[in-house]
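Listed here are the chains, written in short residue letters.
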Amino acid sequence: MNKNIPFLSLSRTNAPLSRELREAALRVIDSGWYLHGPQTRQLESHLAELTGRNHAIGVSNGLDAIRLIFRALIELGRLSAGDGVLVPANTYIASILPITEFGLVPVLLEPDPDTFGINWEQALTLFETSQSKQSADKAGEATKIKALLTVHLYGNPSWDTDIAARLQRQGVIIIEDNAQAIGASISGIPTGGLGDAAAFSFYPTKNVGALGDAGAVTTDDTALEKTIRALANYGSDRRYHNIYRGYNCRIDEMQAAFLNVKLTHLNEITRSRQEAANAYLDKIANPAVALPAILPRAVQVWHQFPIRTPYRDALRTYLSENGIATDIHYAVPPHRQPCYENTFSGRYPLTEQMADTLISLPISDITPAQAEYIAGVINSFRPTLKK
Ligand SMILES: *Cc1c(COP(=O)(O)O)cnc(C)c1O
């Protein structure tokens, strides 16, 4: 067993599929069809089937997938500038950028410290408070909450069936950021098929990664689908007829073809991560380290395997001395980024605690034997021995 373990190696990830990927590339090259062709249509039907949705739209990347959903909701008159959008504080910044881009107001939610998903009770309370008149005067709470963006962070579904249904009955639009959780599910329902619309990313490091940028949107809502398709194609609903001031957010046939290859291996990709994660969960036993939790009835696809420890720097150094590379997702939360200086007035102590204590262990292409070896190294870590 190789005891020098990189955090991630995309050449190692893609090597087993090299022949299939090359054949797919050749088919696209020879077809002469590079955009809006059969590979994109096949990807879209694959994703619609996977999520049980009526529509899937291949787009340029995950950030654009989220942007297109919000812009389409605005064009359809369902959201407008000034509306509040509940969103986790401990997410990757790409979840928040599209909210502020359109003048919507992000209302940050603290995480459940064990699952890293949103605190749904807090979401409900913030929504109910935002509906009542008195709060409309209080600074920072003047916004009426109209939408919620849940993020299935690290591949762990963040969903509360009862609270989500209550919010939706009261008109809250629920969007999923499913960039990290393709293949996950809760109570048998796949992520990307839970809310009103969902965004996918196929960034090369994601569980299903393109060899470049790609993304997708899934939804059952035909008006939303049509609006997103138009917006992604210069705002054009038919040739040389532009109903929106749109974008170019197309996916290309080459990336779609690579993804069609990868999606036929989704079960193996997921199983490999789950086997490594199960080995970690079974074998890591060190009082200085907290392990991640999964909601009941959830299938977690382990985009990351995050542990928490107050001795983060010492443990990372110790692992590194033993040939084990780690990473941090995410060291600086969005509300602490320079681009959001003076934007958020709230305090987010749990989010900051996460940012200060998380370590992501290698999870991509890790064998259970390697995970057991890493667990053994973690178990031999004694914080008191390290100053
Ligand atoms: C990767 C990611 C995105 C953005 O996807 P891109 O394809 O890189 O634009 C959005 N949200 C989350 C949670 C992500 O992990």
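Remember, it's a predicted structure, so these values are computed and weren't measured experimentally.

Criteria and thresholds
- Residues numbered from 1 in each chain as written.
- Predicted model: local features only at pLDDT ≥ 70, side-chain atom pairs only at ≥ 80, totals over all residues.
- Heavy atoms only, no water.
- Core = buried A, V, L, I, M, F, W, Y, C linked by side-chain atoms within 4.5 Å.
- Buried < 20%, exposed > 50% of the residue type's maximum accessible area, 1.4 Å probe, protein only.
- Helix = DSSP H or I, 4+ residues; strand = E, 2+ residues; numbered from the N terminus.
- Arc of directions from axis to C-beta.
- Contact = heavy atoms within 4.5 Å.
- Polar contact = N/O pair within 3.5 Å; in protein donor to acceptor, adjacent residues only side chain to side chain.
- Pairing = 2+ DSSP bridges.
- Axes fitted to C-alpha atoms, helices over the stretch in contact; angles between N-to-C directions.

Side note on the nonpolar core
Most often, soluble globular proteins have nonpolar side chains that are buried together.
Part 1 of the reasoning: Counting residues in hydrophobic clusters, the biggest one holds 37 residues, and the most contacted among them are Leu68, Ile69, Phe70, Leu149 and Ile228.
Part 2 of the reasoning: Elements supplying a minimum of two residues to this core: β1 (55-59), α4 (62-75), β2 (84-88), β4 (145-151), β5 (173-177), β8 (197-201) and α8 (222-231).
Part 3 of the reasoning: With 25 residues, the next largest nonpolar core counts Ile5, Ala279, Leu315 and Tyr373 among its residues.

With respect to helix α7 (residues 161-169)
Part 1 of the reasoning: Looking only at α7, the buried set comprises Ile163, Ala164 and Leu167. Summarising the axial view, the buried residues of α7 lie within an arc of 100°, below the 170-degree limit, and thus occupy one face. Residues of α7 that are exposed and point more than 90 degrees away from the buried face comprise Asp162 and Arg169.
Part 2 of the reasoning: Contacts from the buried residues of α7 go to α6 (120-131), β4 and β5.
Part 3 of the reasoning: Looking at where α7 begins, the residue whose side-chain oxygen comes 3.1 Å from the main-chain nitrogen of Asp162 is Asp160.
Part 4 of the reasoning: Directly beyond the C-terminal end of α7, a positive phi value near 90° is found at Gly171.

Details of the sheet that holds strand β6 (residues 185-186)
Each strand in a sheet pairs with its neighbour through backbone hydrogen bonds, running either in the same direction (parallel) or in the opposite one (antiparallel).
Part 1 of the reasoning: One open sheet accounts for 3 strands, arranged β7-β6-β12; its pairing is antiparallel. Whereas interior strands pair on both sides, the edge strands pair on one side only; in this sheet they are β7 (189-190) and β12 (298-299).
Part 2 of the reasoning: For β6 and β12, the ladder comprises 2 bridges, and the chain directions are antiparallel. Following the sheet pairing, Ser185 is matched in β12 by Val299.

Describing the sheet that holds β1
Part 1 of the reasoning: Pairing within the open sheet is mixed, and its 7 strands lie in the order β1-β9-β8-β5-β4-β2-β3. Each edge of the open sheet carries a strand with a single partner, namely β1 and β3 (105-109). For this sheet the average axis-to-axis angle between neighbouring strands, irrespective of direction, equals 20°.
Part 2 of the reasoning: Of the strand pairs in this sheet, β2 and β4 are connected by 3 bridges, and their pairing is parallel. The partner of Val85 across the bridge, within β4, is Ala147.
Part 3 of the reasoning: Against the sheet, α4 makes contact with β1, β2, β4, β5, β8 and β9 (215-219), and its axis sits at roughly 160° relative to β8, the strand it touches most.
Part 4 of the reasoning: Each of β1, β8 and β9 touches α8; the most contacted strand, β1, lies at about 15° to it.

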